[in-house]
Amino acid sequence: MKHLLTLILASFLAISIHAQNDGQRQEAKADGQKQEQRAKFDPEQYQRNLEAFITKEAGLCPEEARVFFPLLREMQQKQRAIYKKQKAFDKAAFCDNKVAESVIFASDERDLEIKKLQQQYHKQFVKVIPATKVLKAIHAEERFTRNAMRNFSRNRHDHNQNHNQNKNKQQ
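Cut-offs applied
Residues numbered from 1 in each chain as written. Predicted model: local features only at pLDDT ≥ 70, side-chain atom pairs only at ≥ 80, totals over all residues. Heavy atoms only, no water. Helix = DSSP H or I, 4+ residues; strand = E, 2+ residues; numbered from the N terminus. Buried < 20%, exposed > 50% of the residue type's maximum accessible area, 1.4 Å probe, protein only. Areas by Shrake-Rupley, 256 points an atom, 1.4 Å probe, with all protein chains shown as cover. Core = buried A, V, L, I, M, F, W, Y, C linked by side-chain atoms within 4.5 Å. Contact = heavy atoms within 4.5 Å. Polar contact = N/O pair within 3.5 Å; in protein donor to acceptor, adjacent residues only side chain to side chain. Phe/Tyr/Trp six-rings, centres within 6.5 Å; stacked < 30°, edge-to-face > 60°. Expected span 1.5 Å × (residues − 1). pLDDT = per-residue confidence, 0-100. Arc of directions from axis to C-beta.

## A few points about the overall build of the protein
- Counting its secondary structure elements, the protein contains 5 helices and 0 strands.
- Going residue by residue from the N terminus, the α and β elements of the protein occur as α-α-α-α-α.
- Expressed as a percentage of its 171 residues, the buried residues of the protein come to 24%.
- Of the accessible surface of the protein, which amounts to about 13100 Å², a share of 56% is contributed by carbon and sulfur atoms.

## What about the nonpolar core?
- Ranked by size, the top nonpolar core spans 22 residues in total, and within it Ile54, Leu60, Phe68, Phe69, Leu72 and Phe125 carry the most contacts.
- Broken down by secondary-structure element, the contributors of at least two residues to this core are α2 (43–58), α3 (62–90), α4 (97–128) and α5 (131–170).
- Among the elements that line this core, the one with the most residues is α3, at 7 residues.
- Among residues more than four places away in sequence, those in contact with Phe68 are Ile54, Leu60, Phe125, Ile129 and Ala137.

## Remarks on the side chain of Gln118
- Examined against the element boundaries, Gln118 turns out to sit in helix α4.
- A polar contact of 3.0 Å, which involves the side chain of Gln118, links it to the side chain of Lys115.
- Residues contacting Gln118, with those up to four places away along its chain left out, are Met75 and Gln79.

## A look at the packing of aromatic side chains
- One pass over the structure, following the stated rule, counts 5 aromatic pairs.
- Taken together through their ring pairs, the aromatic side chains of Phe68, Phe69, Tyr121 and Phe125 make up a single cluster.

## A look at α4
- Given a rise of 1.5 Å per residue, 32 residues ought to cover 46 Å, and the 47 Å separating the end C-alpha atoms of α4 matches this to within 8%.
- For α4, every residue scored as buried is listed here: Val103, Ala106, Ser107, Arg110, Ile114, Leu117, Gln118, Tyr121 and Phe125.
- Taking the backbone nitrogen of Lys98 as reference, a side-chain oxygen 2.8 Å away marks Asp96 as the first, capping residue of α4.

## A closer look at the confidence of the model for the protein
- With 64% of its residues at a pLDDT of 70 or more, the protein has an overall mean of 79.
- Within the protein, no element has a lower average pLDDT than helix α1 (residues 2–39), which sits at 52, and none a higher one than α2, at 95.
- Across residues 1–14 the pLDDT falls below 50, and counting only partners more than four positions away or on other chains, this stretch makes 0 contacts in the model.

## Looking at α2
- With 16 residues, α2 ought to run about 22 Å at 1.5 Å a step, and its terminal C-alpha atoms sit 22 Å apart, in line with that.
- Three or more residues of α2 are buried, namely Tyr46, Gln47, Leu50, Glu51, Ile54 and Ala58. Each buried residue of α2 sits inside an arc of 130 degrees when the element is viewed along its axis, so together they form one side. Turned more than 90 degrees away from the buried face of α2 sit Glu44 and Lys56, all of them exposed.
- A positive backbone phi angle near 70 degrees is found at Gly59, which sits one or two residues after α2.

Following this line, the structure appears as structure tokens:
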């Protein structure tokens with residue numbers, strides 16, 4: 001009888017421990033999915049948030065926004081193409097001085113290309129909206145981008161920390 005009672009108690013204990021571990025695993029999985037969703041980058045949402053921020057900070061009226069943002073998006077697209085070229089050079093071997101030198105000078109050329117592109121578009125911007133609003137829009141874009149990168153980096157760091165904590169709990 002004592003053995004039967006002990007066996008029943010041990011079974012209940014094992015079942016409750018197993019259920020608790022399953023609950024913790026499911027909870028950790030749900031937390032990981034939430035963190036992953038926060039860490040994913042949505043370019044369309046980013047663009048909408050950027051344009052809303054610039055509109056507010058620069059004080060753009062709907063008509064100004066209507067003519068300004070297509071130009072801004074066009075400039076951004078061209079900038080991304082230049083930045084993609086840079087990524088290829090960022091992966092260059094650092095052990096060879098000749099390669100390193102060519103990477104440095106190529107990077108300088110791309111920086112100049114970006115600046116010339118910005119200057120070209122800034123000239124177009126001031127033709128469609130007042131220069132004061134262009135300047136506010138430029139500063140707003142810089143602030144928004146800086147804050148977005150900081151937040152994205154923080155979310156990725158938090159995600160990695162939570163992932164590692166959950167991994168340690170499961171072990």
